[in-house]
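Commentary on secondary and tertiary structure
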Amino acid sequence: MTIADIAEKLNFKIINEGEMKTREAKKVFCCDLLSLAMSKLPADAAWVTVMGNTNTLAVASLADAACIITAENVCPDENTVNKAKEQNITVLKSEFPVFETALMIDKLINA
Amino acid sequence: MNEAIKLEYTISDDDFTRAGEASGDLKDKLKKMGVDPAVIRKVVIAMYEGEINMVIHANGGKITVTITTDEIIMELADKGPGIPDVKLAMQEGFSTAPDNIRSLGFGAGMGLPNMKKYSDEMTVETQQGVGTTVTMKVKL
């Protein structure tokens, strides 16, 4: 399922589009500790986190995450949004907590 | 690939937001060379953790990457304060990172352990007041 479909069906706010219309999220992953995410984040995963800083972008890019979804309505700062645009990284925002957000995505992907 | 390829990166001392650029560049280059994605992942995890450590603890430094037919060697050299107790620093969970770094999602004492875990060989040479050089090798 494309990230754009996930965003539409779950009503996530689009912070930066990136490749959302063509890229698929094949699994979902949650983690707020970036060192742990760096080593465990699977490629092509939708990464749900409350960390919305530029280092989150670096980890997502290095680990080939499909997209970042900030939970709890966390909004990345302007610098992070600009960097996401530069690097073409999809960033979405969910109003729900990390676990609920991830569960919703998991149910959708595996429906 | 007949000759070794050498890449050099200067890690800036004051911009935490730029940490990861060297690892990203190396990742792109290894991808273009057709290196196995599993190897690239190991290299990138090890190098990114090293980059972060250099910014947090050592005021930046220099990374030299050598790619041969058999392995990728990353040498991370800094002129920071040195590591007083390497054995302790290698323990997962041990950290001297300040609170502002922890608030960004780092500083959980996983840097050096991750670097060791994701490289096939790692050595740490350190001298207090002089600096630290970490050399990591990942087999191709």
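Residues numbered from 1 in each chain as written. Chains lettered and ligands numbered in written order. Predicted model: local features only at pLDDT ≥ 70, side-chain atom pairs only at ≥ 80, totals over all residues.

Description of the sheet that holds strand β4 (residues 121-127) of chain B
Residues and elements named next belong to chain B.
- Pairing is antiparallel across the open sheet formed by five strands, whose spatial order is β1-β2-β3-β5-β4. Both outer strands of the open sheet, β1 (5-11) and β4, are each paired with one neighbouring strand and no more. When strand polarity is set aside, the average angle formed by the axes of neighbouring strands in this sheet is 10 degrees.
- When strand β3 (residues 71-78) meets strand β5 (residues 131-139), the two strands line up antiparallel, connected through eight bridges. Looking at β5, one finds that Asp 78 is bridged to Thr 132. (Pairing = 2+ DSSP bridges. Helix = DSSP H or I, 4+ residues; strand = E, 2+ residues; numbered from the N terminus. Axes fitted to C-alpha atoms, helices over the stretch in contact; angles between N-to-C directions.)

Concerning unusual backbone geometry
Residue and element names in this part refer to chain A.
- Although it is not a glycine, Asp 44 adopts a positive phi angle of roughly 65 degrees.
- Looking at the element boundaries, Asp 44 is found in the loop between α2 (34-40) and β3 (45-49).
- Here the phi dihedral of Asn 73 falls at roughly 60 degrees; this positive angle occurs in a residue that is not glycine.

Some words on helix α1 (residues 3-10) of chain A
Residue and element names in this part refer to chain A.
- Among all positions in α1, only Ile 3, Ile 6 and Ala 7 are buried. The buried residues of α1 occupy an angular sector of 100 degrees when projected down its axis, which confines them to one face.
- Where α1 is buried, its residues contact β1 (13-16), β3, β4 (67-70), β5 (91-93) and α5 (98-109).
- Positive phi appears at Asn 11, one or two residues downstream of α1, with a value of about 60 degrees. (Buried ≥ 20, exposed ≤ 12 C-beta atoms within 10 Å, placed from the backbone. Arc of directions from axis to C-beta. Contact = placed C-beta atoms within 7 Å.)

A closer look at the sheet that holds β4 of chain A
Residues and elements named next belong to chain A.
- If you walk across this open sheet you meet the five strands as β1-β5-β4-β3-β2, and the pairing is mixed. On the outer flanks of this sheet lie β1 and β2 (27-30), each paired with one strand and no other. Each strand axis lies, on average, 25 degrees off the axis of its neighbour in the sheet, ignoring direction.
- Here β3 runs beside β4; their pairing, made up of four bridges, is parallel.

Remarks on the pairing of β2 of chain A
All names here are of chain A.
- Relative to β3, β2 runs parallel, the two being bridged by four bridges. Considered in β3, the bridge of Cys 30 is made with Val 48.
- Handedness of the β2-α2-β3 crossover: right-handed. (Right-handed = clockwise from strand over helix to strand, strands pointing away.)

Notes on the interface of chain B and chain A
- On the chain A side, the residues contacting the 18 residues of chain B number 15 residues.
- With four residues, helix α2 (residues 37-57) of chain B is the largest single contributor of residues to the side of chain B that touches chain A.
- Of the residues assigned to the side of chain B that touches chain A, the class counts are nine nonpolar, seven polar and two charged. (Nonpolar A, V, L, I, M, F, W, Y, C, P; charged D, E, K, R; others polar.)

As for the packing of helix α3 (residues 54-62) of chain A against helix α1 (residues 21-32) of chain B
- One way to put it is that α3 of chain A packs onto α1 of chain B with a least axis distance of 10 Å and a crossing angle of 15 degrees. As judged from the angle between their axes, α3 of chain A and α1 of chain B are roughly parallel. The chirality of how α3 of chain A crosses α1 of chain B is left-handed. Between α3 of chain A and α1 of chain B, the contacting residues are Ala 58, Ser 61 and Leu 62 of chain A on the first element and Ser 23, Gly 24 and Lys 27 of chain B on the second. (Parallel < 35°, antiparallel > 145°, perpendicular 65-115°, else oblique. Left-handed = near helix turned anticlockwise from the far one by under 90°.)

A look at the nonpolar core
- Ranked by size, the top nonpolar core spans 70 residues in total, and within it Ala 46, Trp 47 and Cys 67 of chain A carry the most contacts.
- With eleven residues, α2 of chain B is the largest single contributor of residues to this core.
- In this structure Cys 67 of chain A touches Ile 3, Gly 18, Met 20, Ala 25, Ala 46, Thr 90, Val 91 and Leu 92 of chain A, once residues within four positions along its chain are discounted. (Core = buried A, V, L, I, M, F, W, Y, C linked by C-beta atoms within 7 Å.)

Points about the environment of Lys 6 of chain B
Residue and element names in this part refer to chain B.
- By the element assignment, Lys 6 lies in strand β1.
- A count of 11 C-beta atoms within 10 Å places Lys 6 in the exposed class.
- Taking C-alpha positions, Lys 6 is 7.0 Å from Thr 64, a pair spaced 58 residues apart along the chain.

Quick look at the environment of Asp 13 of chain B
Residue and element names in this part refer to chain B.
- Relative to the assigned elements, Asp 13 resides in the loop between β1 and α1.
- Counting along the chain gives 43 residues from Asp 13 to Ile 56, while the straight-line C-alpha distance between them is 8.4 Å.
- In this structure, Asp 13 is in contact with Asn 59 and Gly 60, ignoring residues within four places of it in sequence.

Thoughts on the environment of Asp 36 of chain B
- As for its position among the elements, Asp 36 of chain B is in the loop between α1 and α2.
- For the pair Asp 36 of chain B and Thr 69 of chain B, spaced 33 residues apart in sequence, the C-alpha to C-alpha distance is 13 Å.

Remarks on α3 of chain A
- Among the nine residues in α3 of chain A, nine count as buried, and that is most of the element.
- Among the residues of α3 of chain A, those classed as buried are Thr 54, Asn 55, Thr 56, Leu 57, Ala 58, Val 59, Ala 60, Ser 61 and Leu 62 of chain A.
- Buried positions along α3 of chain A lie against α2, β3, β4 and α4 (78-87) of chain A together with α1 and α2 of chain B.
- Looking one or two residues beyond α3 of chain A, the residue adopting positive phi is Asp 64 of chain A, at roughly 60 degrees.

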